[in-house]
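Chain by chain, the residues run as shown.
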Amino acid sequence: MKLPRFVAALAVACCAVVGSAAEPIRPRVLVSTDIGGTDFDDFQSLVHLLVYADAVELEGLIASPWGEARDRKRHLLDLVDVYARDFPNLRAHSDGYPTPERLRAICKQGGLDAAGWRGVGTRTEGSDWIIRCAQREDRRPLWVLVWGGIDDVAQALHDDPSIKPKVRVYWIGGPNKKWSTTAYAYLAREHPDLWIIEANSTYRGWFVGGDQDGDLGNRAFVERHVAGRGALGDYFATIAPQVKMGDSPSLAYVLGAAPENPAAPGNWGGRFVRAWDRPHVIFTAPPTTADRVETFGLVELVYRPTGAAPADTRAALVVDRQEFPGFAGADGAWHFLFSPKEAKTWTYRIASNHPGLDGRSGGFTSVNPASERAKSAAARYPNWWTDDPAPEQSEGPHPGAKTVSRWRAEFLRDFAARLERCRPPRGPANPP
């Protein structure tokens, strides 16, 4: 994308005429984030979001992580407090920045646990808020940017399928998918016509590859262009002294040219291809490392244990020292879901208090999708988009990442200019 056009969008220079009144076109945005986990990039991407907050109509901030200490809405509120310190300086540049009070009002708590086997469960404050925002009378679509598990989106669509034509989902999948497998399976099974970008690896172009010379290096950029830029800049630099911001491509995409056409070139948030049938391999016998599956697809392991089962049978799939819950079927079979986040050989074992399950093990090898997959767009998924598997669009092992990394100098320079707004306005050079 050409820089002037992007800046114009950020400055809200375009207007739509409604009746006789001119109104600025700002995309409606709701963010669902697993802020507070072991990764720092959500904190950084939220700083990025806040300095661009005048360019969008921000309608929701949902904390929907999965794991220990899950009540993380407080992290959103803490970050709003940091934003409040820079708010007067930001407002000096644009009246479009939302007040801290407004941001606090739209912070919501999403699901505290991953969905069960059905992929949906109990409504949450976050899922209800998605529905409420989508139901607003507005001709603009609601862009739902998912930076973690997709469970709240699945719950919202289950509770009110009528909102589906009104939402556009950009999901930073990849590693997040393995914690959200049942919700993802529900969406692919029950809502194949959902408009969604499933970015499993394209987003990595924000911090991998591209121009990293001089002050554009991941660490150098923070040192020279982030630290000392108001409370938000210092917060960013304190969280981590290097650029990751892996969720930021979703916002850049919405603010870019032609977001309704993911195949269009020139968008800082990536370019995508129509999705092929969503991979879901079911093994009814233990697989071995000779068995191949597609990276980012779903792997389902089915076990039928023999012997007496404890009254409170528990079982988990253990992969790379991480545990994923198993689900008991009505027929006595146990189901385990996993999504490999990278191309490699995986091994697993089952930990359970059921003697017929405990210690069972196996393996499989995940491989990146072949470039030919892009020629097999699935009619079942007419609005589903994903990473371009063409080798020339990969950054190393990351399909599609080059469609983002090629814009690295542009999007980092623009972010640096935005951070300058956090500084107090300069007075006249020679005051009287």
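Everything below is about the structure shown above.
Looking now at the packing of helix H3 (residues 73–93) against helix H9 (residues 230–239). Put simply, H3 and H9 touch, their axes get as near as 7 Å, and they point 140° apart. Here H3 is positioned oblique relative to H9, judged by the angle of their axes. Residues Leu 79, Val 82, Tyr 83, Arg 85, Asp 86 and Leu 90 of H3 lie in contact with H9, whose contacting residues are Gly 230, Ala 231, Leu 232 and Tyr 235. Class assignment of the residues belonging to the contact of H3 with H9 gives a composition of seven nonpolar, one polar and two charged.

Attention shifts here to the sheet that holds strand S9 (residues 272–274). Strand order in the open sheet made by the eight strands is S5-S4-S3-S6-S7-S8-S19-S9, with mixed pairing throughout. The sheet terminates laterally at strand S5 (107–109) and S9, the two strands that pair on one side only. Put simply, the sheet's adjacent strands are angled 20° from each other on average, direction ignored. As judged from the five bridges shared by strand S3 (residues 28–33) and strand S6 (residues 142–146), these two strands associate in the parallel manner. Directly across from Leu 30, in S6, lies its bridge partner Val 144. Helix-sheet contacts for helix H10 (residues 248–255) involve S3, S6, strand S7 (167–172), strand S8 (196–199) and S9, and the interaxial angle to S6 is about 160°.

What follows concerns unusual backbone geometry. With glycine set apart, most residues show a phi of negative sign, and most peptide bonds adopt trans. Positive phi outside glycine occurs at Asp 320, with the angle close to 50°. Positionally, Asp 320 belongs in the loop between strand S13 (315–319) and strand S14 (322–325). Of note in the backbone geometry, Arg 321 takes a positive phi value of approximately 65° without being a glycine. Overall, the relative accessible area of 80% leaves Arg 321 in the exposed class.

With that out of the way, let us pick up helix H5 (residues 125–134). Counted residue by residue, H5 has seven buried out of 10 residues, so it is predominantly covered. For H5, every residue scored as buried is listed here: Gly 126, Ser 127, Trp 129, Ile 130, Ile 131, Cys 133 and Ala 134. Elements that come into contact with the buried residues of H5 comprise S3, strand S4 (57–63), S5, S6, helix H6 (151–159) and S7. One side-chain oxygen of the residue at the start of H5 lies 3.2 Å from the amide nitrogen of Gly 126, identifying that residue as Thr 124.

With five of its five residues buried, S6 lies for the most part within the structure. What you see with S6 is no split at all: Leu 142, Val 144 and Val 146 on one side and Trp 143 and Leu 145 on the other are buried throughout. Two strands pair when backbone bridges link them, and S6 and S7 are joined in this way by five bridges, in the parallel orientation. The partner of Val 146 across the bridge, within S7, is Trp 171. Taken together, S6, H6 and S7 constitute a β-α-β crossover, and its handedness is right-handed.

What counts, and where the lines are drawn
- Residues numbered from 1 in each chain as written.
- Predicted model: local features only at pLDDT ≥ 70, side-chain atom pairs only at ≥ 80, totals over all residues.
- Heavy atoms only, no water.
- Axes fitted to C-alpha atoms, helices over the stretch in contact; angles between N-to-C directions.
- Helix = DSSP H or I, 4+ residues; strand = E, 2+ residues; numbered from the N terminus.
- Parallel < 35°, antiparallel > 145°, perpendicular 65-115°, else oblique.
- Contact = heavy atoms within 4.5 Å.
- Nonpolar A, V, L, I, M, F, W, Y, C, P; charged D, E, K, R; others polar.
- Pairing = 2+ DSSP bridges.
- Buried < 20%, exposed > 50% of the residue type's maximum accessible area, 1.4 Å probe, protein only.
- Polar contact = N/O pair within 3.5 Å; in protein donor to acceptor, adjacent residues only side chain to side chain.
- Right-handed = clockwise from strand over helix to strand, strands pointing away.

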